[in-house]
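This is what each chain is made of:
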Amino acid sequence: MLLAGFLIVVGFVLLIKGADWMVSGSTLLAKKNKVPDLAIGLTIVAFGTSAPELVVNTVASYENHSDIVLGNVIGSNNFNLFMILGIVGLIFPIAVQSSTVWKEIPISFLAALTLLVLANGYLFSDIGLSRIDGTILLIMFLLFLFYIYKQMKNDDPSQSVVIVTASNYKIWGLIVLGLIGLIVGGKLIVDNAVTIASDLGVSEKIIGLTIIAAGTSLPELMTSVVAAMKKNSDIAIGNIIGSNIFNIFLILSVSSLVRPITFSSVFNTDIYLLLAGTLFLFVAMFTGKKKTLDRWEAGLLLLVFIGYTTYLVAKELQ
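Residues numbered from 1 in each chain as written. Predicted model: local features only at pLDDT ≥ 70, side-chain atom pairs only at ≥ 80, totals over all residues. Heavy atoms only, no water.

Some details on the overall build of the protein chain
Then comes step 1: Looking only at helices and strands, the protein chain features 11 helices and 2 strands.
Then comes step 2: What you see for the protein chain is a C-alpha radius of gyration of 19 Å, in line with the 20 Å of a compact globule of 318 residues.
Then comes step 3: Principal-axis analysis of the C-alpha atoms gives the protein chain an extent of 60 × 50 × 40 Å.
Then comes step 4: By the burial criterion, 51% of the 318 residues in the protein chain qualify as buried.
Then comes step 5: Counting only contacts in the protein chain whose residues sit at least 6 apart along the sequence, the fraction spanning at least 24 positions is 82%.
Then comes step 6: With an accessible surface of roughly 14,500 Å², the protein chain has 71% of that area assigned to carbon and sulfur atoms.
Then comes step 7: Side chains of the protein chain give 19 positive and 19 negative charges; the mean places of these two sets differ by 10 Å. (Helix = DSSP H or I, 4+ residues; strand = E, 2+ residues; numbered from the N terminus. Rg over C-alpha atoms; globule rule 2.2 N^0.38 Å. Buried < 20%, exposed > 50% of the residue type's maximum accessible area, 1.4 Å probe, protein only. Contact = heavy atoms within 4.5 Å. Areas by Shrake-Rupley, 256 points an atom, 1.4 Å probe, with all protein chains shown as cover. Lys, Arg positive; Asp, Glu negative; His and termini not counted. Charge placed at Lys NZ, Arg CZ, Asp CG, Glu CD.)

What follows is the structure in structure tokens.
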């Protein structure tokens, strides 16, 4: 089991470095082809922070570990919302733009609600995520990309000219190394997480909701903490809300298209928590200082997450 734990750590290192290399290479390639900075931020960087979840889930789905697939996405979203925003909000109160309050946060709520409806078969009477459900999620993701495109057109297109001197060999080398790191890291994490769950006699669900979810959320954690330290609230909260939308619409759609996902009703509690947390975030924009996540609100998010995670682990180990 010690070896499996070590290999999971190696997997996370490869996963995070792989995402970093892939984003760096892709950003250089985009800049070299004069793609606007805003487009890079909303697509390449957003995808890069969600790449660990995507790779882990694709591997887990292919190997038919549905509880890891769902646990990773739902757990990552709760980790992002409660843990990361809790930590970031304690460092510095997060000011939020009107578009985020009235558009992105509701879209994030809609994503979680869509998952609840589809997974429980409220729409098609088939419990789980079928390939039809995956197609619906993918269409919603494409609609979200269209929304981003419309937002970009409304923003100021002026930007400084950036001259990229990196060679094509370096750019493509970073992209290829990044992809290799992601694939190898994702495979190590899934296989060894299953081994640890088996050795400890705990469910794959709890491993997915805790260890894997926290590990794959490290890019979001680092991005948001650094943004908070620099008092860049837009990146701090935009990164979290965007990642949560990506995770459900893109990652679960790809996972269910690879292989239909079986759904256990025990995940409903975690989805309800995600819905409640997203609703709390929306309400928090109108309490205390307007359009700001105050420190006490961030602290409450953090306390709820710690309490719920403690309860989950204690219940599992009984």
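Anyway, onward from the coordinates.
A word on unusual backbone geometry
Then comes step 1: Phi is positive for Asn64, which is not a glycine, with a value near 65°.
Then comes step 2: Relative to the elements of secondary structure, Asn64 occurs in the loop between helix 2 (37–62) and helix 3 (66–91).
Then comes step 3: Here Lys291, not a glycine, exhibits a phi torsion of approximately 55°, which is positive.
Then comes step 4: Assessed through its relative accessible area of 33%, Lys291 is described here as partly exposed.

Digging into the pattern of salt bridges
Pairs may arise between side chains of opposite charge once their charged atoms sit close together.
Then comes step 1: The full count for this structure, using the stated rule, is 4 salt bridges.
Then comes step 2: Across the pair Asp20 and Lys17 runs a salt bridge, and its minimum N-O distance is 3.5 Å. Remark: Lys17 and Asp20 occur in helix 1 (residues 2–32); sequence separation between them is 3 residues, near one turn of the helix.
Then comes step 3: The class of Asp20 is partly exposed, set by a relative accessible area of 37%.
Then comes step 4: Ionic pairing is found between Lys187 and Glu63, a salt bridge with its closest N-O pair at 2.4 Å. Within this pair, whereas Lys187 is found in helix 6 (residues 168–200), its partner Glu63 is found in the loop between helix 2 and helix 3, the two being separated by 124 residues in sequence.
Then comes step 5: Taken together, the shared-partner salt bridges connect Glu63, Lys187 and Asp191 into one network. (Salt bridge = Lys/Arg side-chain N within 4 Å of Asp/Glu carboxyl O.)

Points about the packing of helix 1 against helix 6
Then comes step 1: Running from N to C, helix 1 and helix 6 point in directions that differ by 155°, and their axes come no closer than 6 Å. In terms of orientation, helix 1 and helix 6 fall into the roughly antiparallel class. In terms of crossing hand, the pair formed by helix 1 and helix 6 is left-handed.
Then comes step 2: Class assignment for the residues of the contact of helix 1 with helix 6 results in 24 nonpolar, 13 polar and 1 charged. (Axes fitted to C-alpha atoms, helices over the stretch in contact; angles between N-to-C directions. Parallel < 35°, antiparallel > 145°, perpendicular 65-115°, else oblique. Left-handed = near helix turned anticlockwise from the far one by under 90°. Nonpolar A, V, L, I, M, F, W, Y, C, P; charged D, E, K, R; others polar.)

A short note on a nonpolar patch on the surface
Then comes step 1: On the surface, a cluster of nonpolar side chains totalling about 330 Å² of accessible area is made up of Val176, Leu177, Ile180 and Val184.
Then comes step 2: Among the secondary structure elements, Leu177 is positioned in helix 6. (Patch = residues over 30% accessible without salt bridge, like charges linked within 9 Å, V, L, I, M, F, W, Y side chains within 5 Å.)

Remarks on the packing of aromatic side chains
Then comes step 1: A complete count under the given rule lists 9 aromatic pairs for this structure.
Then comes step 2: An angle of 85° between the planes, with centres 6.2 Å apart, marks the rings of Phe144 and Phe246 as edge-to-face. Of this pair, Phe144 sits in helix 5 (residues 131–154) while Phe246 sits in helix 9 (residues 233–258); the two residues are 102 residues apart in sequence, bridging distant segments of the chain.
Then comes step 3: What makes Phe144 buried here is its relative accessible area of 6%.
Then comes step 4: On the basis of relative accessible area, Phe246 is assigned to the buried category, the value being 3%. (Phe/Tyr/Trp six-rings, centres within 6.5 Å; stacked < 30°, edge-to-face > 60°.)

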